[in-house]
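Structure at a glance
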Amino acid sequence: MPEPDQSPGRSRSHVVAYRHPDLGGVLLCREHGESWAGLIPLTADDIPYGGFCGWGTPDMHVCGRAFPAKKPRQ
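Not measured: the values here are computed from a predicted model. (Residues numbered from 1 in each chain as written. Predicted model: local features only at pLDDT ≥ 70, side-chain atom pairs only at ≥ 80, totals over all residues. Heavy atoms only, no water.)

1. A few points about the environment of Gly-33
Within the secondary structure, Gly-33 is located in helix H1 (residues 30-33). A residue is classified by how much of its surface remains accessible, and Gly-33, at 0% relative accessible area, is buried. Taking the C-alpha atoms as reference points, Gly-33 and Arg-19, 14 residues apart in sequence, are found 8.3 Å from one another. Dropping the residues within four chain positions of it, Gly-33 is found in contact with Tyr-18, Leu-28 and Leu-39. (Helix = DSSP H or I, 4+ residues; strand = E, 2+ residues; numbered from the N terminus. Buried < 20%, exposed > 50% of the residue type's maximum accessible area, 1.4 Å probe, protein only. Contact = heavy atoms within 4.5 Å.)

And the structure:
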């Protein structure tokens, strides 16, 4: 089983998603991504327009959990 990615400088509480380093545009939610080594942790600032979890299952279902968009400063 892969070990969790413990990238320095990123508080786990601020991570909203993980990006696959080799598959452009593939994002995973914390539930599906935090146990995979090599994924890049992202905060809401890293994905300013939000996104959706692309974790798929063999029966063609996708997680689809929404990631928050960066909130504009007022």
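Okay, back to it.
2. Notes on the nonpolar core
One recurring pattern in soluble globular proteins: nonpolar side chains tend to sit buried together. If you look at the biggest cluster of nonpolar residues, it comprises eleven residues: Val-15, Ala-17, Tyr-18, Leu-27, Leu-28, Cys-29, Leu-39, Leu-42, Ile-47, Cys-53 and Phe-67. A per-element tally of this core places strand S2 (residues 27-29) first, with three residues. Every residue in contact with Leu-28, bar those within four places of it in the chain, is listed here: Ala-17, Tyr-18, Gly-33, Leu-39, Cys-53, Gly-54, Trp-55 and Phe-67. (Core = buried A, V, L, I, M, F, W, Y, C linked by side-chain atoms within 4.5 Å.)

3. Side note on the pattern of salt bridges
For the structure on display, the rule yields two salt bridges. A salt bridge links Arg-30 to Glu-34; its shortest N-O distance comes to 3.8 Å. The exposure class assigned to Glu-34 is partly exposed, which follows from its relative accessible area of 24%. The salt bridge partner of Arg-65 is Glu-31, with a shortest N-O separation of 3.1 Å. Taken together, the residues Arg-65 in the loop between strand S4 (51-52) and strand S5 (66-67) and Glu-31 in helix H1 connect sequence positions 34 residues apart. For Arg-65, a relative accessible area of 40% gives the class partly exposed. Residue class for Glu-31 comes out exposed when judged on its relative accessible area of 52%. (Salt bridge = Lys/Arg side-chain N within 4 Å of Asp/Glu carboxyl O.)

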